[in-house]
Amino acid sequence: MVEYAVEVNDLHVWLGERHILQGVTFRCPERTVTAIMGPSGTGKSTVLRAINRLLDLNPEAKVRGRVKIFGVDVYSVEPYVVRRHVGMVFQEPNPFPHISIYDNVALGPKLHGIVRSKKELDELVKWALEKAMLWDEVKNRLYDLPTKLSGGQKQRLSLARALALKPRILLLDEPTANIDPVNAMKIEEAIKSIVREEGITVILVTHMPAQAVRISDFLVFMYKGKVVEQGPTRDVALHPRSELTERFMRGEL
Amino acid sequence: MLRRLLPEFRSNDDRRFFLLHSPTTLIVLLILLSIITVLMLYSVPVLRKEGLGVFIKNIWRPSDYDPEAEVYGLAAAIYGSVYTGLIAVIVAAPLALASAIVVEELIPRRAKGLVSTLMDLMAATPTIIYGIWGMAYLAPLMHRVLLLLHHHLSWLPFFSEPPTTGYTIGTAGILLGIMATPYAAAVIREAYSMIPTHLREAAYAIGATRFEVVRILVSLIKPSILAGLALAFARAIGETVAVSLVIGNSFNISPSITVPGYTVSSLIASQFANAGLYMYMESALFAGGLVLFIVGLVVNALTIWYMKRWEEAIKRV
């Protein structure tokens, strides 16, 4: 039996009066990359925020349906427990500007007491920065503020911060949308390597078909709050069954 | 030369608008200039007589007959101002921070407006109201509290002297702290509410509980908290009426908060009416005003400099 890392079943989300997600269903097998693709305003990010319960922060949000992570309903446990195991990287690079590069990465592990000594913490920080392909660029200025980093470096720092918690699932919300192509490639490399080497399951929201094809194993195409088509990336990308998917892949949507 | 200082006008209306409104800015600047000038000029006689000693001696001896026998030293008042200011900051810090967090994080959005309006109302309450409340309620209460503290903790320098009344440095400091709280809270609240959503979400996304998120966000606005407290300090050392009613008006320099004291403002308020009868007293009080002005200026300048530095650092993210 295939073990699913994430199962989203008939998920509905309302923000105030607006019905944002209208019965979204998909599954992500463990150790794979699933790309959620679709035009802007389709509700892709909302799916991620329903998975790690960031939607709880919005008093207007109402959620119906089921989201399971390794068989556990995320709405049956405390949200911070979910987020402890489900990392997230946002579209906007968001390292904390007032603490050092080192402390940004170390904050989560310290909060959750997952290291016992300074040495262990140092190793974890190094590991996370290496995985985010940032170590070489910052190893000599770990105690500087992240304010001096470039946009792409900040985004990789955000990735390292998420990885430092050793999450089993990583949610990436258009992580390369606001950064230059070189940094975007580095992030894509990092994503591939963490899935391959660390066995982390990744859900990537993107509006770039090419990126989805490059790094994902499965593709979920969404349009106006609904899943239009899903399946192995090659199948959906090369032989789309829906006209909407085809038009999106051609860049017409 | 003058032409270069003036803006270029595209029409006569612009020129008239400028000519009509620019004097108002000039008036404000002139007033400030005249304040500095008056403070300095009127301080000259006592500075000539006592030298800088007027700021470090603790003595207040007017003489009805011989002006040369008059001796004035502001040390007790300056000490009292700084000491009560510090107590005020210690009192205001937890109150302001806690109230700002409660308003921003804990209470429902609908109640938020009401509570912050109430806080603003506290700031708008005339200070004399605090003064008479302090006299009627706080001072008697503080007398009992300070007696208790002195009884049990007299080995601490802060409570070493027996309180004879509730009119003490401690009472004044606490009253000032309460009065300054809404100001500090407003600054902290503003900074807290301006924390960008993406940083707030970053804190939640690493699995922080609500309490932990608040801790992270509070550490993010530390400079604003400092600015709020600096404002509280500046308010406290400038406050006059309420303090004169509860501080006991006595020239003491003691670490104990259980004794009566003076602040520069309360000294000026209580002595100015009679100061004209003496040769140098008025000048000594102006010298006190000058000290207040300079301390306020330095505290504000440091705060603005620190905030600017922080804002620039934050902007780069």
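Quick caveat: nothing in here was measured; it's all calculated off a predicted structure.

## Brief notes about the sheet that holds strand β7 (residues 169-173) of chain A
Residues and elements named next belong to chain A.
Thinking step 1. Strand order in the open sheet formed by 6 strands is β6-β7-β8-β3-β9-β10, with mixed pairing between adjacent strands. Of all the strands in the sheet, the pair left with one neighbour each is β6 (86-89) and β10 (226-232). When the angles between neighbouring strand axes are averaged without regard to direction, this sheet yields 15 degrees.
Thinking step 2. Where strand β3 (residues 33-37) lies against strand β9 (residues 218-223), 4 bridges are found, and the strand directions are parallel. Along β9, the bridge assignment pairs Thr 34 with Phe 218.
Thinking step 3. Contacting β6 and β7, helix α6 (residues 151-163) crosses the sheet at an angle of about 175 degrees to β6.

## Thoughts on the nonpolar core
Thinking step 1. Membership of the largest hydrophobic core comes to 89 residues, with the highest contact counts inside it found for Phe 26, Ile 51 and Ile 203 of chain A.
Thinking step 2. It is helix α13 (residues 281-315) of chain B that provides the largest number of residues to this core, a total of 7 residues.
Thinking step 3. Ignoring sequence-local partners within four residues, the contact set of Ile 51 of chain A consists of Val 6, Val 8, Phe 26, Val 67, Ile 69, Val 74, Val 82, Leu 171 and Ile 203 of chain A.
Thinking step 4. Judged by nonpolar contacts, the second largest core, of 37 residues, contains Ala 106, Ala 160, Ala 190 and Ile 191 of chain A.

## So, the pattern of salt bridges
Thinking step 1. Counted according to the given criterion, the structure contains 28 salt bridges over all chains.
Thinking step 2. When the shortest N-O distance is used, the salt bridge between Asp 103 of chain A and Lys 110 of chain A registers 3.8 Å.
Thinking step 3. Its relative accessible area of 27% is what places Asp 103 of chain A among the partly exposed residues.
Thinking step 4. According to the relative accessible area criterion, Lys 110 of chain A is partly exposed, its value standing at 49%.
Thinking step 5. One salt bridge in this structure joins Lys 112 of chain B and Glu 104 of chain B, with 3.4 Å as the shortest N-O distance.

## Section: the packing of aromatic side chains
Residues and elements named next belong to chain B.
Thinking step 1. Going through the model one piece at a time under the given rule, you end up with 10 aromatic pairs over all chains.
Thinking step 2. Ring centres 5.5 Å apart and planes at 55 degrees place the aromatic pair Tyr 79 and Tyr 83 in the tilted group. With a gap of 4 residues between them, Tyr 79 and Tyr 83 both fall in helix α4 (residues 75-106), about one helical turn apart.
Thinking step 3. Taking the centre distance of 4.7 Å and the plane angle of 50 degrees together, the rings of Phe 251 and Tyr 262 count as tilted. One end of the pair, Phe 251, is in the loop between α11 (241-246) and α12 (264-275); the other, Tyr 262, is in the loop between α11 and α12, and 11 residues separate them in sequence.
Thinking step 4. Through successive ring pairs, a cluster of aromatic residues spans Trp 60, Tyr 72, Phe 251 and Tyr 262.

## Brief notes about unusual backbone geometry
Residues and elements named next belong to chain A.
Thinking step 1. A positive phi angle, close to 60 degrees, is found at Met 133, a residue other than glycine.
Thinking step 2. Turning to its location among the elements, Met 133 is positioned in the loop between α4 (118-131) and α5 (135-138).
Thinking step 3. On the basis of relative accessibility, which here comes to 36%, the residue Met 133 falls in the partly exposed class.

## Quick notes on the pairing of β7 of chain A
Residues and elements named next belong to chain A.
Thinking step 1. Most of β7 is tucked away, with 5 of its 5 residues classed as buried.
Thinking step 2. Burial along β7 is two-sided: Ile 169, Leu 171 and Asp 173 facing one way and Leu 170 and Leu 172 facing the other are all buried.
Thinking step 3. With 4 bridges joining them, β6 and β7 adopt parallel strand pairing. Paired with Met 88 across the two strands is Leu 171, which belongs to β7.
Thinking step 4. When β7 meets strand β8 (residues 201-206), the two strands line up parallel, connected through 5 bridges. The partner of Asp 173 across the bridge, within β8, is Val 205.
Thinking step 5. In terms of handedness, the path from β7 via helix α7 (residues 181-198) over to β8 forms a crossover that is right-handed.

## Here's the deal with the environment of Lys 154 of chain A
All names here are of chain A.
Thinking step 1. Assignment of secondary structure puts Lys 154 in helix α6.
Thinking step 2. Lys 154 sits in the buried class, given a relative accessible area of 8%.
Thinking step 3. As a C-alpha pair, Lys 154 and Glu 92 span 62 residues in sequence and 9.3 Å in three-dimensional space.

## Considering a nonpolar patch on the surface
Residue and element names in this part refer to chain A.
Thinking step 1. A surface patch of nonpolar side chains, amounting to about 270 Å² of accessible area, comprises Val 72, Val 77, Tyr 80 and Val 81.
Thinking step 2. Note that Tyr 80 resides in helix α2 (residues 79-85).
Thinking step 3. A relative accessible area of 33% means that Tyr 80 is categorised as partly exposed.

## With respect to the environment of Tyr 204 of chain B
Thinking step 1. With respect to the secondary-structure elements, Tyr 204 of chain B resides in helix α8 (residues 197-205).
Thinking step 2. Of the residues examined, Tyr 204 of chain B reaches a relative accessible area of 8% and is grouped as buried.
Thinking step 3. Counting along the chain gives 113 residues from Tyr 204 of chain B to Val 91 of chain B, while the straight-line C-alpha distance between them is 31 Å.
Thinking step 4. Once you skip the residues sitting within four places of it in the chain, Tyr 204 of chain B turns out to touch Leu 54, Leu 57 and Arg 83 of chain A together with Glu 105, Arg 210 and Val 213 of chain B.

Scoring rules and cut-offs
Residues numbered from 1 in each chain as written. Chains lettered and ligands numbered in written order. Predicted model: local features only at pLDDT ≥ 70, side-chain atom pairs only at ≥ 80, totals over all residues. Heavy atoms only, no water. Pairing = 2+ DSSP bridges. Helix = DSSP H or I, 4+ residues; strand = E, 2+ residues; numbered from the N terminus. Axes fitted to C-alpha atoms, helices over the stretch in contact; angles between N-to-C directions. Contact = heavy atoms within 4.5 Å. Core = buried A, V, L, I, M, F, W, Y, C linked by side-chain atoms within 4.5 Å. Buried < 20%, exposed > 50% of the residue type's maximum accessible area, 1.4 Å probe, protein only. Salt bridge = Lys/Arg side-chain N within 4 Å of Asp/Glu carboxyl O. Phe/Tyr/Trp six-rings, centres within 6.5 Å; stacked < 30°, edge-to-face > 60°. Right-handed = clockwise from strand over helix to strand, strands pointing away. Patch = residues over 30% accessible without salt bridge, like charges linked within 9 Å, V, L, I, M, F, W, Y side chains within 5 Å. Areas by Shrake-Rupley, 256 points an atom, 1.4 Å probe, with all protein chains shown as cover.

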